[in-house]
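Descriptive analysis of the structure
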Amino acid sequence: MKNNLLCLVFLLVSASCFAQFGVKAGLNFNSNGELREVVTAGENIIEDSGDAKIGYHVGAYYEINFSKLYLRPEVVYTKTKSEYGSSAYDMSKIDVPVLVGIDVIGPLSIFAGPAFQYTLDNDLDNATISDVQNDITVGFNFGAAVKFGNIGLDVRYERGFSENEASILDTNNVKIGTLDSRPSQIIFSLSLRL
């Protein structure tokens, strides 16, 4: 038991020698999902996929390199916005992607992994939104990165594994529609290794 513990400590200390810490920021091109609105019971169901808008994100990462492979957990604050007709839907969240990447050739690498999301706030103009079904959801990221010294650029696609609906309520707290709050998005990031 003592030898196993020593081996684990040695392994963690060795891995930290090859670790890199950094900060990142960028733009998100997203659609916050579909708005499904029931105008009156049994009549007129309106579906609107919303107009994609530009959001932003800021965060930090910790990258552990193992030869050509790397593990990169990130913690990112993300703010997104979409428009549905005359209403704007704003959402803020904490994303925690855990990426596994491989260096392909030169400065180019590809990566993929799960992305955990915690919804902080969601707001639709002129309507009340209930809490989302699940504050914590899981999605998937995949993409490519290019590194030039301490600077990195990456592009990735993110999608949730399942919908995470929030109910839209009228002034009498009657459900008049639903909104999927787990967006698919294309994310562009600039990172700086510290």
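Residue numbers restart at each chain and count upward from 1, following the sequence in its written direction. Totals for whole chains, interfaces and linings use all residues, but because this is a predicted model, local features are given only for residues with pLDDT of at least 70 and pairs of side-chain atoms are given and counted only at 80 or more. As a convention, hydrogens and water are excluded, and side-chain values are obtained from all of the structure's heavy atoms.

What to know about the side chain of E74
- Relative to the helices and strands, E74 resides in strand 5 (residues 69–84).
- A 1.4 Å probe rolled over the protein chains alone gives each residue an accessible area, and that area as a share of the maximum for its type sets the label: buried under 20%, exposed over 50%, partly exposed in between. We classify E74 as buried; its relative accessible area is 1%.
- As used in this structure description, the phrase polar contact means that two N or O atoms lie within 3.5 Å; if the pair is within protein, one of them must be able to donate a hydrogen and the other to accept it, and residues adjacent in sequence are counted only when both atoms belong to side chains. At a separation of 3.0 Å, a polar atom in the side chain of E74 contacts the side chain of R156. Strands are runs of DSSP state E lasting at least 2 residues, helices are runs of H or I lasting at least 4, and numbering of each runs from the N terminus.

Digging into the environment of A60
- Structurally, the position occupied by A60 is in strand 4 (residues 53–66).
- Put simply, A60 and A25 are 35 residues apart on the chain and 8.5 Å apart in space, counted from C-alpha to C-alpha.

As for the packing of aromatic side chains
- A pair of Phe, Tyr and Trp rings is counted when the ring centres sit within 6.5 Å of each other, with Trp represented by its six-membered ring. The angle between the planes then sorts it: under 30 degrees is stacked, over 60 is edge-to-face, the rest tilted. Throughout the structure, instances matching the rule amount to four aromatic pairs.
- Aromatic pair Y56 and Y77: ring centres 6.5 Å apart, planes at 50°, arrangement tilted. Here Y77 lies in strand 5 and Y56 lies in strand 4, a separation of 21 residues in the sequence.
- By relative accessible area, Y56 is classed as partly exposed at 41%.
- Here the aromatic residues F140, F142 and Y157 are joined through ring pairs into a cluster of three or more.

Things to note about the side chain of E63
- Considering the arrangement of structural elements, one finds E63 in strand 4.
- Residue E63 is classed as buried on the basis of its relative accessible area, which comes to 1%.

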